[in-house]
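Residue-level listing of the chains:
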Amino acid sequence: MRALVAGGAGFIGSHLCDRLLREGFRVVCLDNLLTGSKTNIRHLLKVPAFRFIPADITLKLPVRGGFDLIYNLASPASPRDYLAFPLETLKVGSVGTMNLLELAWRSKSVFVQASTSEVYGDPKVHPQPESYWGNVNPIGVRAVYDEAKRFSEALATSYHRTHGLPVRIARIFNTYGPRMKANDGRVVPNLIAQALAGRPLSVYGSGRQTRSFCYVSDMVDGLFRLAGCSSAGPVNLGNPREFTILRFARLVLKLTGAKSRVEHHPLPEDDPVRRRPDIARARHLLGWEPRVPLEEGLKLTIEWLSRKKTTRAPRRWK
Ligand code: UDP
């Protein structure tokens, strides 16, 4: 079995490559390294069943076909990244997704599109089931990501309707774990890095907004199972345990033992107030639900981020 992972050098993409290899797939990873990193796949570069091709999927693809399974995870995903690369984000979600769908159609392969909880925007329905159409500001700053992913969903669904392509859509909720960039701006690496450095923890707005955090191994398990199910409709993947950002900050302080204080900063524009997945569909279709409690996943992430810090530090001291 041969799989292609676009965005395979990214945070979730690289963990997915690991999993597919463990499951016996030969894996081709495409990534333009705009926000992904070769460090995430360094341990795979000498694995015979793995091949990395540096490539931008919005251009001519460097592969012809012969894939059983294609995953599209190529996109900047953290708000800081997609706000820094707005046009690239829109282009990879539209042109990039279309190029991959054409490849999937030629290959007769299963196509899995990584979508996002951001398709629900600032949701008026809580928790969010897949049947909710969302509340997205189409000209707001976050629209570059939200609308790109909504368009990807529409495009993939149209390939399914028009050509009968076996399409799966994962709506990925906040995911965290090792290989997140310490400086990617998201709340998990931000607050951990700040706590480890003894700096104040930056909480945006009142901190009463909520998120639900899923550990990366759970997410990858959901993505893997999704490929094997037969439904083309979207499936929420995420952990339904909901936290306010303030409570999350207190947990980071407890687990790191840091004495930092919380420092409030302005809330970013269009920041969703509440977010929590309804995962009934994933439970039913995939027999899936997250297993790693936040405390446990955070410990692993803290360990990883502090190891990174100590291995990088000597170079700076030379
Ligand atoms: N946030 C925060 N401090 C930070 C980074 C983020 O309080 O240093 C907040 C952000 O405003 C949002 C939540 O944490 O309400 C999650 O933000 P993140 O960027 O991780 O992901 P999002 O769910 O917004 O895409």
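Refer to the structure printed above.
A few points on the structure. Counting starts from 1 at the beginning of each chain's written sequence and moves along it residue by residue. For this predicted model, a pLDDT threshold of at least 70 governs which residues receive local features, and a threshold of 80 or more governs which side-chain atom pairs are given and counted, while totals over whole chains, interfaces and linings are taken from all residues. The side-chain values count all of the structure's non-hydrogen atoms but skip hydrogen atoms and water molecules.

**Looking at the overall build of the chain**
Here's step 1: Helix and strand assignments follow DSSP, with helices taken as H or I runs no shorter than four residues and strands as E runs no shorter than two, numbered in order from the N terminus. Each helix and strand in the chain was counted, giving nine helices and 13 strands.
Here's step 2: Two things to know: the radius of gyration comes from C-alpha atoms, and the globule rule equals 2.2 Å times the number of residues to the power 0.38. The globule rule puts the C-alpha radius of gyration for 318 residues at 20 Å, and the 19 Å found for the chain is close to it.
Here's step 3: Burial status follows relative accessibility: with a 1.4 Å probe on protein chains alone, a residue under 20% of its type maximum counts as buried, one over 50% as exposed, and anything between as partly exposed. Within the chain, the fraction of its 318 residues that count as buried is 55%.
Here's step 4: Note on contacts: a residue pair is in contact if any heavy atoms of the two residues lie within 4.5 Å. The contacts in the chain between residues at least 6 apart in sequence include a share of 80% that link residues at least 24 apart.

**Re the site of the ligand**
Here's step 1: Definition of nearness: a residue and a molecule or strand are near each other if at least one heavy atom of the residue lies within 4 Å of the molecule or strand. Near the ligand, the surroundings consist of 17 residues, among which Ser202, Tyr204, Arg211, Asp271 and Arg275 are the closest.
Here's step 2: Throughout this description, a polar contact denotes any pair of N or O atoms lying within 3.5 Å of each other; where both atoms belong to protein, one of them has to be capable of donating a hydrogen while the other can accept it, and for residues adjacent in sequence the pair is counted only when both atoms sit in side chains. One of the side-chain N or O atoms of Asn190 is found 2.8 Å from an oxygen atom in the ligand.
Here's step 3: The protein chains shown are the only cover counted for residues, whose accessible areas, like all others here, come from Shrake-Rupley with a 1.4 Å probe. In isolation the ligand has 520 Å² of accessible area, and contact with the protein removes 95% of it.
Here's step 4: Broken down by element, the shell around the ligand gets its largest block of residues, three residues, from strand β8 (residues 201-204).
Here's step 5: When residues are sorted by character, Ala, Val, Leu, Ile, Met, Phe, Trp, Tyr, Cys and Pro go into the nonpolar class, Asp, Glu, Lys and Arg into the charged class, and all the rest, Gly among them, into the polar class. Of the residues belonging to the shell around the ligand, the class tally is six nonpolar, five polar and six charged.

**Remarks on the pattern of salt bridges**
Between side chains of opposite charge, a pair can form as their charged atoms come close.
Here's step 1: Here, a salt bridge means any side-chain nitrogen of Lys or Arg that lies within 4 Å of a carboxyl oxygen of Asp or Glu. Evaluated as defined, the whole model comprises 16 salt bridges.
Here's step 2: Across the pair Lys181 and Asp81 runs a salt bridge whose closest N-O atoms are separated by 3.1 Å. In this pair, Lys181 sits in the loop between β7 (175-176) and α5 (187-196) while Asp81 sits in helix α2 (residues 79-84), placing the two residues 100 residues apart along the sequence.
Here's step 3: For Asp81, a relative accessible area of 11% translates into the label buried.
Here's step 4: A salt bridge links Arg241 to Glu295, with the nearest nitrogen and oxygen atoms 3.0 Å apart. On the criterion of sequence distance, the pair formed by Arg241 in the loop between β11 (234-237) and β12 (242-244) and Glu295 in helix α9 (residues 294-317) is long-range, its members being 54 residues apart.

**Observations concerning the packing of helix α1 (residues 11-22) against helix α6 (residues 216-227)**
Here's step 1: Where α1 meets α6, the axes come as close as 9 Å, and the angle between the chain directions of the two elements is 65°. Our pair here, α1 against α6, has a crossing hand that is right-handed. Contact residues: Phe11, Ile12, His15, Leu16, Arg19 and Leu20 in α1; Val216, Met219, Val220, Asp221, Leu223 and Phe224 in α6.
Here's step 2: Of the residues in the contact of α1 with α6, the class split is nine nonpolar, one polar and two charged. To get an axis, a line is fitted to the C-alpha atoms, and for a helix only the part in contact is used. The angle between two axes follows their N-to-C directions and goes from 0 to 180 degrees. Throughout, a crossing is termed right-handed when the near helix is turned clockwise from the far one, and left-handed when it is turned anticlockwise from it by less than a right angle.

**A look at empty space enclosed by the protein**
Here's step 1: Whether a set of points on the 1 Å grid over the protein atoms alone is a cavity depends on a 1.4 Å probe fitting there but being unable to get out, while an open set qualifies as a pocket with protein on both sides within 12 Å along at least five of seven lines; lining residues are those with an atom within 4 Å of a point. Grid points are joined across faces, edges and corners, and a volume is the space filled by probe spheres set on the points. Evaluation of the coordinates by the stated rule reveals one cavity of 30 Å³ or more.
Here's step 2: Put simply, the largest cavity is a space of about 30 Å³.
Here's step 3: Phe213, Asn239, Arg241, Phe243 and Leu294 together form the lining of the largest cavity.
Here's step 4: Residue classes in the lining of the largest cavity are distributed as three nonpolar, one polar and one charged.

**Looking at α5**
Here's step 1: In terms of residue burial, α5 counts as a mostly covered element, since seven of its 10 residues are buried.
Here's step 2: A positive backbone phi angle near 70° is found at Gly198, which sits one or two residues after α5.

**Things to note about the nonpolar core**
Here's step 1: Grouped together as the largest cluster of nonpolar side chains are 63 residues, with contacts concentrated most on Leu20, Tyr71 and Leu223.
Here's step 2: The element that contributes the greatest number of residues to this core is α6, accounting for seven residues.
Here's step 3: Those residues in contact with Tyr71 that sit more than four places away from it in its chain are Leu4, Val5, Ala6, Leu16, Leu20, Val112, Leu223, Phe224 and Ala227.
Here's step 4: Throughout, nonpolar core names a set of buried Ala, Val, Leu, Ile, Met, Phe, Trp, Tyr and Cys residues whose side chains join them through atoms within 4.5 Å. Of all hydrophobic cores here, the second largest spans 24 residues; its members include Leu4, Leu103, Ala104 and Ile169.

**Considerations on the side chain of Arg168**
Here's step 1: For Arg168, the position within the fold is in strand β6 (residues 167-172).
Here's step 2: We treat Lys and Arg as the positive residues and Asp and Glu as the negative residues; His and chain ends play no part in the count. Despite its burial, Arg168 pairs with no opposite charge, the nearest such side chain being Asp68 at 12 Å.
Here's step 3: Setting aside its immediate chain neighbours within four residues, Arg168 contacts Val110, Phe111, Val112, Gln113, Leu226, Ala227, Cys229, Ser230 and Ser231.

**Let's talk about helix α7 (residues 245-256)**
Counting along an α-helix, one turn takes 3.6 residues, and residues three or four places apart therefore face a common direction.
Here's step 1: In this analysis, the expected span of each helix is defined as 1.5 Å times one less than the number of residues it contains. Spanning 12 residues, α7 covers 16 Å between terminal C-alpha atoms, matching the ideal 16 Å at 1.5 Å per step.
Here's step 2: Looking at α7, one finds that the buried residues are Ile245, Phe248, Ala249, Leu251, Val252 and Leu253.
Here's step 3: Looking one or two residues past α7, Gly257 carries a phi angle of roughly 75°, positive in sign.

**Quick look at the sheet that holds strand β3 (residues 50-54)**
Here's step 1: Ordered in space as β3-β2-β1-β4-β5-β6-β11, the seven strands form an open sheet in which the pairing is parallel. Of all the strands in the sheet, just β3 and β11 have a single pairing partner and so form its edges. Neighbour-to-neighbour, the strand axes of this sheet turn through a mean angle of 20°, independent of strand direction.
Here's step 2: Contacts between helix α4 (residues 143-163) and the sheet are confined to β5 (110-116), β6 and β11, with β5 contributing the most and set at about 155° to the helix.
Here's step 3: Contacting β4 (69-72), β5, β6 and β11, α6 runs over the sheet at an angle of about 160° to β6. Pairs of strands are assigned from DSSP output, requiring at least two bridges between the strands.

**Here's the deal with unusual backbone geometry**
Here's step 1: The step from His126 to Pro127 runs through a cis peptide bond, and the omega angle for that step is -10°.
Here's step 2: Note that Pro127 resides in the loop between β5 and α4.
Here's step 3: Phi angles above zero are rare outside glycine, and Leu33 is one such case at about 60°.
Here's step 4: With respect to the helices and strands, the residue Leu33 is situated in the loop between β2 (26-31) and β3.
Here's step 5: What makes Leu33 partly exposed here is its relative accessible area of 31%.
Here's step 6: A positive phi angle, close to 85°, is found at Arg179, a residue other than glycine.
Here's step 7: Residue position: Arg179 is located in the loop between β7 and α5.
Here's step 8: With relative accessibility at 17%, the residue Arg179 sits in the buried group.

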